[in-house]
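What the coordinates show
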Amino acid sequence: MDEQSAPVTMHIYCRVEVLVTDPAAVTGHAVADLRAADIDWSTEEDDLETAVEELRSDLAASLADMVDISQLADDVPGVEFRGGLCWAEQGPARDPFRSNEP
């Protein structure tokens with residue numbers, strides 16, 4: 001590819017499976033990250049303590065909040081991370097890219 005060509009937007013789709021051996025550690029870390037975040041709670045729908053309780057009661061949300069997909073392309077020359085989506089689900093694997101699955 002010509003080094004002078006215009007940037008090209010690409011999409012990378014990933015599925016990662018993890019085993020959570022300590023759910024309390026995951027939610028505890030997510031809560032600590034939330035407490036340390038620079039969030040103006042006056043502009044949010046809920047408050048810090050409500051958000052903390054939501055994280056403590058939802059392992060999937062806690063795990064997804066902690067996964068930093070922005071590091072996916074670190075050290076890849078000529079690539080700049082621009083955004084993405086990360087979520088976590090409990091249960092058997094499914095293909096979110098197939099339209100015939102719920």
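Presented here is a report on the structure given in the accompanying data block.

1. Concerning the overall build of the chain
- Across its full length, the chain holds three helices and zero strands.
- Along the chain, helices and strands appear, N-terminal first, in the series α-α-α.
- Against the globule reference of 13 Å for 102 residues, the chain gives a C-alpha radius of gyration of 18 Å, more extended than a compact globule.
- C-alpha extents for the chain along the principal axes are approximately 50 × 35 × 25 Å.

2. Let's talk about the packing of helix α1 (residues 23-36) against helix α3 (residues 59-66)
- Contact pair α1 / α3: the axes reach a minimum separation of 9 Å and the direction vectors enclose 55 degrees. Considered as vectors, α1 and α3 are oriented oblique to each other. Crossing of α1 over α3 shows left-handed handedness. Here Pro23, Val26, Thr27, His29, Ala30 and Asp33 of α1 come into contact with α3, specifically with Leu59, Ser62, Leu63 and Met66.

3. Considering the nonpolar core
- Of all hydrophobic cores here, the largest spans six residues; its members are Ala30, Val31, Leu34, Ala51, Val52 and Leu55.
- Those residues within four positions of leucine 55 in sequence are excluded, and the remaining contacts are Thr27, Ala30, Val31, Leu34, Ala61, Ser62 and Asp65.

4. What about the side chain of serine 62?
- Note on placement: serine 62 falls in helix α3.
- What serine 62 contacts, discounting residues up to four positions off in sequence, is Val26, Thr27, Ala30 and Leu55.

5. Points about the pattern of salt bridges
- One pass over the full model with this rule turns up one salt bridge.
- Measuring nitrogen to oxygen at the nearest pair gives 3.0 Å for the salt bridge that ties glutamate 49 to arginine 35. Of the two residues, glutamate 49 is situated in helix α2 (residues 48-57) and arginine 35 in helix α1; the sequence distance between them amounts to 14 residues.
- Note on glutamate 49: relative accessible area 43%, which makes it partly exposed.
- With a relative accessible area of 42%, arginine 35 lands in the partly exposed category.

Criteria and cut-off values
- Note that residues are indexed from 1 along each chain, following the sequence as it is written.
- At least 70 in pLDDT is required for a residue's local features to be given in this predicted model, at least 80 for side-chain atom pairs to be given and counted, and no such filter applies to totals for whole chains, interfaces and linings, which use all residues.
- Side-chain numbers come from the whole structure's heavy atoms, not from hydrogens or water.
- Helix numbers and strand numbers start at the N terminus; a helix is a DSSP run of H or I with at least 4 residues, a strand a run of E with at least 2.
- Every radius of gyration here is taken over C-alpha atoms, with the globule rule written as 2.2 Å times N^0.38, N being the number of residues.
- Geometry is summarised by axes, namely lines fitted to C-alpha atoms with helices restricted to the contacting stretch, and by angles between N-to-C directions that run from 0 to 180 degrees.
- Orientation categories follow fixed angle ranges, with anything under 35 degrees roughly parallel, anything over 145 roughly antiparallel, 65 to 115 roughly perpendicular, and all other angles oblique.
- Rotating anticlockwise by less than a right angle from the far helix to the near helix defines a left-handed crossing, while the corresponding clockwise rotation defines a right-handed one.
- Contact criterion: two residues are considered in contact whenever any of their non-hydrogen atoms come within 4.5 Å of each other.
- We define a nonpolar core as any set of buried Ala, Val, Leu, Ile, Met, Phe, Trp, Tyr and Cys residues linked to one another through side-chain atoms lying within 4.5 Å.
- Categorising residues by exposure relies on relative accessible area from a 1.4 Å probe, with only protein chains included: less than 20% of the type maximum marks a residue as buried, more than 50% marks it as exposed, and the intermediate range marks it as partly exposed.
- Salt bridge, as used here: a side-chain nitrogen of Lys or Arg that lies within 4 Å of a carboxyl oxygen of Asp or Glu.

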